[in-house]
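# Summary of the model geometry
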Amino acid sequence: MRYISTRGEAPDLSFEEAMLTGLARDGGLYVPEEVPALTEAQIAAMAGQSYEDVAYTVMRPFIGETFDDATFRRLIAEAYKGFGHAARAPLVQLAPNHFLLELFHGPTLAFKDFAMQLIGQMFQEALGRSGDRVTIVGATSGDTGSAAIEAFRGLENVDVFILYPHGRVSEVQRRQMTTPVEGNVHTLAVDGDFDDCQAAVKDMFNDFAFREEVKLAGVNSINWGRVLAQVVYYFTSAVSLGAPHRKVSFTVPTGNFGDIFAGYIAKRMGLPIDQLVVATNTNDILHRTLHTGAYTKEGVTQTISPSMDIQVSSNFERALFDAYGRDGKAVKDQMADLKAGGFKISQGAYQALKDTYDSGRASEDETKAAITGYREHHGELLCPHTAVGVHVAEAHLGATPMVTLATAHPAKFPAAVEAATGIHPPLPPRMADLYDLPERINRVGHDLAEIQDFIRTRTLS
Ligand SMILES: *Cc1c(COP(=O)(O)O)cnc(C)c1O
């Protein structure tokens, strides 16, 4: 299996190379040359299997020669053994035809753990083999950073630097990033918003001298390995609800478009997905794009669902690439226009996107009302991102079972949950000491040279 860039001008790579590289050298994102399909019999056989067994079947065709079968099974087992639920991604029923897929039983209480724990295992295995050392740099709106730090802390061949927007992540998110004591993990509190952090990371990848110097690797949601790991729970949940014999729809709280794109890959692999609904908060660029065909940046506003406070949605480029019939030149031109503020999607590509994705948006009031209402009428405490999802899903309920992805545990966003319900959601016992541990906080300006210096002095001895 080979991986190609969405901008058509970078060398094609193996799974291992694409995973270790992250961003392509032409600024594009790696995608598989083709998406392997599973047969209906293969999907039917997943009924009653463990999460790990389904994960193996779904991901194996994408891995190529990077890991042999037994090794890959071992990495999957290691990745998910620390989850706090035997099903890994359990389904909860909210209403007759509406289900919640709980993706928050991992070590940092958000769905990012599903991908990051596996990426940590895969990096360790690949780097242990080659003896190479890499520097992972990532931007986070809160959850990616904590998941990455949790996955890589203490690993031998990796230094990790996570940039987060100062003052714009929840206290639990911040503490999960700043309390680990291992010397190979570092967090940088950047004066700016998430898009500034993400832009700094992109600029570092495009600085080829720096990239070589510190052996940069990326684990942001642009990393294909992450998208791939997220395809799995679409299969486990849909199969529990009757797939492949019955269609299932999904609503996905969306920021960087990684999680919903994984759903699209599941559909391309043969999972009978009916609707794939993009749910945004008031930072609704994706919802507007799907309604107007124009992708136009506006300023980021702060919401109670901070992991979705994003305007430049990196993985949307992968969706565009397919919508444009995999024309790298067209994607490259549109991305150049984006630097100047936005672009208009061609008629054909726009139609392709509309045929694939539905969308909706939740205002702050609607999000709060969903948290309150689901507590009162369904007995469920929702995190604010999940609340955006269920609000949007309600407008799309019908004869097909709807699964809304619960992307984080309510205890990760206690202030918002308490304001809406009067209940302070407790952390699971295994992490109850989080508020007592000392923090390491490194403030930096929104300044590329300063950030690069910080990284250099901590990686090169
Ligand atoms: C990252 C995140 C999202 C958005 O996921 P994308 O893959 O970036 O679209 C939604 N909710 C939570 C809790 C997250 O951490």
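The structure under discussion appears in the preceding block.
In this report, we go over the structure that sits alongside the text. Just so we're clear, the structure is a prediction, and the values are computed from it rather than from any experiment.

What follows covers the site of the ligand. Taken together, the neighbourhood of the ligand is formed by 15 residues, with Lys112, Asp143, Gly255, Asn256 and Thr407 sitting nearest. At 2.6 Å from an oxygen atom of the ligand is found a side-chain nitrogen or oxygen belonging to lysine 112. Burial of the ligand by the surrounding chains reaches 97%, relative to a free accessible area of 380 Å². In this structure, the ligand is accommodated by the largest cavity.

Another point: the sheet that holds strand β15 (residues 443–444). Taking strand neighbours across the sheet as the criterion, the five strands line up as β8-β5-β6-β7-β15 in an open arrangement whose pairing is parallel. The sheet is open, and its two edges are formed by β8 (216–217) and β15, each paired on a single side. Here six bridges tie strand β6 (residues 158–165) to strand β7 (residues 185–190), and the two strands are oriented parallel to one another. Bridging across to β7, valine 160 finds its partner in valine 185. Packing against the sheet, helix α6 (residues 143–152) makes contact with β5 (134–139), β6 and β7, and its axis sits at approximately 165° to β6.

Following the criterion strictly, the structure yields 26 salt bridges and no others. Where glutamate 317 meets arginine 7, a salt bridge forms, and the shortest distance between an N and an O atom there is 2.8 Å. Placement of the pair is glutamate 317 in helix α13 (residues 316–323) and arginine 7 in the loop between β1 (3–5) and α1 (15–21), with a sequence separation of 310 residues. On the accessibility criterion, arginine 7 (14% relative accessible area) is buried. Of the charged contacts in the structure, one is a salt bridge between glutamate 52 and arginine 88, with a shortest N-O distance of 2.8 Å. Here arginine 88 lies in the loop between α4 (69–80) and β3 (91–95) and glutamate 52 lies in helix α3 (residues 51–63), a separation of 36 residues in the sequence.

Once that is clear, we can look at the pairing of strand β9 (residues 248–253). By the criterion of burial, β9 is predominantly enclosed, with six of the six residues buried. Here β9 shows two buried faces, one formed by Val248, Phe250 and Val252 and the other by Ser249, Thr251 and Pro253. In this sheet, strand β10 (residues 273–280) lies alongside β9 in parallel orientation, the contact comprising five bridges. What sits directly across from valine 252, in β10, is valine 278. Taking the sense of rotation as the criterion, the β-α-β connection linking β9, helix α11 (residues 258–268) and β10 turns out right-handed. Note that β9 and strand β14 (residues 402–406) share three bridges and pair parallel. Within β14, the residue paired with serine 249 across the bridge is methionine 402.

All right, on to helix α17 (residues 384–394) then. Buried residues dominate α17, accounting for nine of its 11 residues. Of the residues making up α17, those classed as buried are Pro384, His385, Thr386, Ala387, Val388, Gly389, Val390, Val392 and Ala393.

Calculation notes
Residues numbered from 1 in each chain as written. Predicted model: local features only at pLDDT ≥ 70, side-chain atom pairs only at ≥ 80, totals over all residues. Heavy atoms only, no water. Near = heavy atom within 4 Å. Polar contact = N/O pair within 3.5 Å; in protein donor to acceptor, adjacent residues only side chain to side chain. Areas by Shrake-Rupley, 256 points an atom, 1.4 Å probe, with all protein chains shown as cover. 1 Å grid on protein atoms, 1.4 Å probe; cavity = no way out; pocket = protein on both sides within 12 Å on 5 of 7 lines; lining within 4 Å. Sits in = over half its atoms within 2 Å of the grid points. Pairing = 2+ DSSP bridges. Helix = DSSP H or I, 4+ residues; strand = E, 2+ residues; numbered from the N terminus. Contact = heavy atoms within 4.5 Å. Axes fitted to C-alpha atoms, helices over the stretch in contact; angles between N-to-C directions. Salt bridge = Lys/Arg side-chain N within 4 Å of Asp/Glu carboxyl O. Buried < 20%, exposed > 50% of the residue type's maximum accessible area, 1.4 Å probe, protein only. Right-handed = clockwise from strand over helix to strand, strands pointing away.

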